[in-house]
Amino acid sequence: MLKFQNTLSGQLEEFRPLREGEVRMYCCGPTVWDFAHIGNLRTFLLGDILRRYLKFKGYKVTHVMNITDVDDRIIQQAERKGVTLDEYTAPYIEAFWQDFDAIGMERPEVAPRATQHIKQMTELIARLEADGHAYASDGSIYYRIASFPQYGKLSKINFAGNIVGGSERVDTDKYEKEDARDFALWKAVEPGHDAAWDTEIGRGRPGWHIECSAMSMQYLDESFDIHCGGVDLIFPHHENEIAQSEGATGRKFVNYWLHGEHLKINGESMSKSKGNYFTLRDLVAQGFTPTAVRYSLISAPYRKQYNFTLEGLRSSEKTVASLQDFRQRLADARVEAGSNPQMKAAAARALKQFEAGLDDDLNTSVALAAIHDLTREVNTALADCQLRADDQRDLLELIACFDAVFNIFSRPQAEMLDTEIQALIAERQEARRRRDFARADEIRDELNARGIILEDTRDGVRWKRRGM
Ligand code: AMP
Ligand code: ZN
């Protein structure tokens, strides 16, 4: 039975989706003002392991992850460089997906960008204002927390000590708020600044929190199953999302809230502002494989803090290489026909432990231990010529099942030749002419998985190798 530690209830709870056989989940995505660091990737890997395990369990998954492509840092940097927001964020969005693919994450079904959903946000804000949950002040619009008595139910923060008062200013917002806790849904933008939208609710730009309410409701409906992000998002971001969504709809927004602990370095949270971070690119440039980084980041359960060290990564590199060697040796072994009951029992034990681990709030370290125990037993059987053909087939299948969740057994494929790439591109163009878009997409995905990125331009298809 699959259970999650739900931040909302503070309990380990059995997972039951709202719609039978189907899971709708939302993970807060990156703010594309710079490259993502591997701490960010740890949190996105929580989403990846979650979606993969739900699929392993037979659920149909719809996973949405937003791209925050407007915020103070992005605006400042774009203004400093004299470029538009889109021009500023484009290379970081591209880099983000390169890292995302390289570290072996499955792309979410929908990855909406905030700047492309301004209308959904302003509509939601107008709805909140009409119901008394929001008010305008100096052209900005604030959420009226006093209108939502359940505020604090996720973070369990007691707000009783906060002073209510018209002139209270506790954050950097320049404008008057009714209550210190109230947060901006919409920020007025003064003339002379380009990062603004002219909308029915005025000229301005959205606050950060509103995008996740608007876009999750757009793609997953007003109530959905799972919401995840890093622990730093519990308050205020997720608390505010609940206030916005439930304030507007009167329905429960999300049933299960999962929060990933931070990746640390020398005991401190990895962060851009502290400068104590690595990006995936930094590590690849030092000769590490993305699979080893992936292994390292998923090796500890997501709710545990994890201290990142290069030494630990070196050891992950060895572990991953030995798992990949193991699978190759198993596949290449010449064995006699028949089956060995001991191997059957070992495989059954491993599967049971793997599922028991992941069922227990995605305990990846227990599930990985199941894989390591199995490889040890099979290695011994191989050395003693005790493995039979049926075991070999079943074990390879079992490893493929495990790998559908962990994605650590694949060896990096050899680089594709230009001629191979061009042949596939020609086949894709032909498929598109036939309006066989499924095949065309399949080819694009296949190329993407091999590190080849296609760009459809007016002059035809251009391609490049990832990272070049
Ligand atoms: P951001 O790009 O800053 O919006 O963050 C993207 C995601 O990374 C959010 O879910 C954050 O909670 C998460 N995050 C930020 N720092 C860390 C860290 N050191 N370890 C794990 N997750 C993090
Ligand atoms: Zn969010």
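In what follows, the structure referred to is the one given above.
These notes cover the structure that comes with them. (Residues numbered from 1 in each chain as written. Chains lettered and ligands numbered in written order. Predicted model: local features only at pLDDT ≥ 70, side-chain atom pairs only at ≥ 80, totals over all residues. Heavy atoms only, no water.)

1. Quick look at the sheet that holds strand S12 (residues 263–265)
The strand order S13-S12-S14 describes an open sheet built from 3 strands, whose pairing is mixed. Looking at strand neighbours, the two that pair on one side only are strand S13 (268–269) and strand S14 (306–307), the edges of this open sheet. (Pairing = 2+ DSSP bridges. Helix = DSSP H or I, 4+ residues; strand = E, 2+ residues; numbered from the N terminus.)

2. A closer look at the pairing of strand S16 (residues 460–465)
Along a regular strand, successive side chains alternate from one face of the sheet to the other. As paired elements, strand S15 (residues 452–457) and S16 share 6 bridges and run antiparallel to each other. Within S16, the residue paired with Thr 457 across the bridge is Gly 460.

3. Looking at the coordination of the zinc ion (ligand 2)
Cys 28 (SG), Cys 212 (SG) and His 237 (NE2) make up the full set of protein donors to the zinc ion (ligand 2), lying at 2.0 to 2.2 Å. Mapping the donors of the zinc ion (ligand 2) onto the primary sequence yields the spacing C-x183-C-x24-H. Residue Cys 28 is located in the loop between strand S3 (22–27) and helix H1 (38–56), and its partner Cys 212 is located in helix H5 (residues 209–220); the two are separated by 184 residues in the primary sequence. Here Cys 28 and Cys 212 have matching classes, each one buried. (Donors = N, O, S within 2.8 Å, 3.2 Å for Na, K, Ca; no water. Buried < 20%, exposed > 50% of the residue type's maximum accessible area, 1.4 Å probe, protein only.)

4. A few points about the site of ligand 1
Neighbouring residues of ligand 1: 16 residues in total, closest Thr 31, Thr 43, Asp 232, Leu 263 and Met 270. Within the side chain of Asp 232, an N or O atom sits 2.5 Å from an oxygen atom of ligand 1. Considering ligand 1 on its own, with 500 Å² of exposed area, one finds that the protein chains cover 88% of that surface. Among the secondary structure elements, those contributing two or more residues to the shell around ligand 1 are H1 and strand S10 (224–230). In terms of residue count, H1 provides more of the shell around ligand 1 than any other element does, 4 residues in total. Taken together, the residues of the shell around ligand 1 sort by class into 5 nonpolar, 9 polar and 2 charged. (Near = heavy atom within 4 Å. Polar contact = N/O pair within 3.5 Å; in protein donor to acceptor, adjacent residues only side chain to side chain. Areas by Shrake-Rupley, 256 points an atom, 1.4 Å probe, with all protein chains shown as cover. Nonpolar A, V, L, I, M, F, W, Y, C, P; charged D, E, K, R; others polar.)

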